[in-house]
Amino acid sequence: MADKEKDPQAAEKAKAKAMAAKKAAMEQKAAKTAAPSMKTSDGREVKHEVPRLKKQYAEAIVPAFMDKHDFDNPFQVPKLVKIVVNIGVSEARDNIQMLDAAREELAMITGQWPQVRRAMKSISNFKLREGMPIGVRVTLRGDRMWEFLDRLISTAIPRIRDFRGLEPRGFDGRGNYNLGLREQLIFPEVNVEKSPKQRGMNITVVTTSDSDDLSLELLRAFGMPFKQLMPAVEKNQPAMAAA
């Protein structure tokens, strides 16, 4: 009788153990799908060299600006605050895997895991509901910002097809510059064969300057290849006679 009483208890224990193992396996699988498929930093600072542009700013750009503009304090010289990179993924409302692909590509480009941006309100014409994921965003500060700007200027921009210079009219009137790219494939970190689609992105460079002219001069000093603005021709200027 004792053996018969123990058998149901053992069966219940085995059943509970199997259920717990199944639940743990499902949680592990869900965590694996939610986490990035690449190795990401845990946020702790590691030893690394000072970024090239950061050193150039401190050693060359700041003294040059102080001499040219008669600044008394080096803190008057405009500097970079942050760089914000946005990618819109409108097709994510139909296929959520497109959002995951864009998120991983932006993480490879910037070295930081992006934040998912969601719709603030519902728009029926666009089949959009409040809370739906529609894009990804990364805000870079510190050394990651300097490294990304260096790779953008020296590696990515020269790979743009039919490139004739950046548009200097992309400033917002407060010293911040907005740059639009048509494809993410100009960054060498992105594998062209594995990328499902070409995506454009918007890059915003935020500075401490309130003047567009000072910000333009600062970005030129970093090496950003802007177009040369042609001087406006006066309307009252007499036309030259044909030879």
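Right above here is the structure, for reference.
Given the structure is predicted, the values throughout are model-derived calculations rather than measurements.

**Q** Hey, could you go over the pattern of salt bridges for me, with residue numbers and the actual values?
**A** Using the criterion set out here, one finds eight salt bridges in the structure. In this structure, Asp150 engages Arg52 in a salt bridge whose closest nitrogen and oxygen atoms are separated by 2.6 Å. Of this pair, Asp150 sits in helix α4 (residues 142-156) while Arg52 is found in helix α2 (residues 52-69), placing the two residues 98 residues apart along the sequence. Residue classification places Asp150 among the buried positions, given a relative accessible area of 13%. The class of Arg52 is partly exposed, set by a relative accessible area of 47%. We note a salt bridge from Arg169 to Glu167, for which the minimum N-O separation is 2.9 Å. Residue Arg169 is classed as exposed on the basis of its relative accessible area of 64%. Here the salt bridges share partners, and the residues they tie into one network are Glu167, Arg169 and Lys227.

**Q** Lay out the packing of aromatic side chains with the relevant residues and their values.
**A** Overall, the coordinates contain seven aromatic pairs when judged by the stated rule. A centroid spacing of 4.9 Å and a plane angle of 50° characterise the contact between Phe171 and Tyr177, whose relative ring orientation is tilted. Each member of the pair, Phe171 as well as Tyr177, is classed as buried. Members of the aromatic cluster, each reached through a chain of ring pairs, are Tyr57, Trp146 and Phe222.

**Q** Talk me through the nonpolar core; I want residue IDs and the actual numbers.
**A** A general trend in soluble globular proteins is that nonpolar side chains are found buried together. Membership of the largest hydrophobic core comes to 48 residues, with the highest contact counts inside it found for Phe187 and Phe222. The set of elements that each furnish at least two residues to this core consists of α2, β1 (80-88), α3 (96-110), β3 (133-140), α4, β4 (177-181), β5 (201-207) and α5 (212-222). Top element by residues in this core is α4. It accounts for seven residues. Every residue in contact with Phe222, bar those within four places of it in the chain, is listed here: Leu53, Tyr57, Ile61, Leu80, Trp146, Leu149 and Ile153.

**Q** Go over the packing of α2 against α5 with me, naming the residues and quoting the values.
**A** At a minimum axis separation of 10 Å, α2 and α5 run at an interaxial angle of 135°. The orientation of α2 with respect to α5, classified from their angle, is oblique. Remark: the crossing between α2 and α5 carries right-handed chirality. Residue-level inspection shows Leu53, Gln56, Tyr57, Ile61, Phe65, Lys68 and His69 of α2 in contact with α5, the latter providing Leu214, Glu217, Leu218, Ala221 and Phe222. Class assignment for the residues of the contact of α2 with α5 results in eight nonpolar, two polar and two charged.

**Q** Now, about the side chain of Thr207: what can you tell me, with residues and values included?
**A** Counting through the fold element by element, Thr207 comes out in strand β5. When its relative accessible area of 7% is taken as the criterion, Thr207 is described as buried. Polar contacts involving the side chain of Thr207 include one to the main-chain carbonyl oxygen of Gly175, which spans 2.6 Å. With residues up to four places along the chain from it excluded, the contact list for Thr207 reads Lys79, Leu80, Val81, Gly175, Asn176, Ser215 and Leu218.

**Q** So, unusual backbone geometry: which residues are in play, and what are the values?
**A** The phi dihedral of Asp70 is positive, around 60°, even though this residue is not glycine. Looking at the element boundaries, Asp70 is found in the loop between α2 and β1. Positive phi, normally seen in glycine, also occurs at Asp162, with a value near 55°. Take Asp162: it is sitting in the loop between α4 and β4. For Asp162, a relative accessible area of 74% gives the class exposed.

Cut-off values and rules
Residue numbers here run from 1 along each chain, matching the order of that chain's written sequence. Local features are withheld for residues below a pLDDT of 70 in this predicted model, meaning they are given only at 70 or higher, and side-chain atom pairs are given and counted only at 80 or more; totals for whole chains, interfaces and linings count all residues. To obtain the side-chain values, all non-hydrogen atoms of the structure were included, while hydrogens and water were left out. By convention in these notes, a salt bridge is any Lys or Arg side-chain nitrogen within 4 Å of a carboxyl oxygen on Asp or Glu. The numbering of helices and of strands both runs from the N terminus, where a helix is a DSSP run of H or I of at least 4 residues and a strand a run of E of at least 2. Burial classes follow relative accessibility: with a 1.4 Å probe on protein chains only, a residue under 20% of its type's maximum area counts as buried, one over 50% as exposed, and anything between as partly exposed. Classification of ring pairs uses Phe, Tyr and Trp, with its six-membered ring standing for Trp, and accepts pairs whose centres are within 6.5 Å; under 30 degrees between planes counts as stacked, over 60 as edge-to-face, and the remaining range as tilted. Among the buried residues, those of types Ala, Val, Leu, Ile, Met, Phe, Trp, Tyr and Cys that are joined through side-chain atoms within 4.5 Å form a nonpolar core. Contacts are assigned to residue pairs with any non-hydrogen atoms lying within 4.5 Å of each other. Lines fitted to C-alpha atoms define the axes here, with helix axes fitted over just the stretch in contact, and angles between the N-to-C directions of these axes take values from 0 to 180 degrees. Oblique is the label for any angle not covered by the other classes, which are roughly parallel (under 35 degrees), roughly antiparallel (over 145) and roughly perpendicular (65 to 115). Here a crossing is called left-handed whenever its near helix is offset anticlockwise from the far helix by less than a right angle, and right-handed whenever the offset is clockwise. The nonpolar class holds Ala, Val, Leu, Ile, Met, Phe, Trp, Tyr, Cys and Pro. Asp, Glu, Lys and Arg form the charged class, and all remaining residues, Gly among them, are polar. By the criterion applied in these results, polar contacts are pairs of N or O atoms within 3.5 Å in which, for protein atoms, one can donate a hydrogen and the other can accept it, and in which residues neighboring in sequence qualify only through two side-chain atoms.

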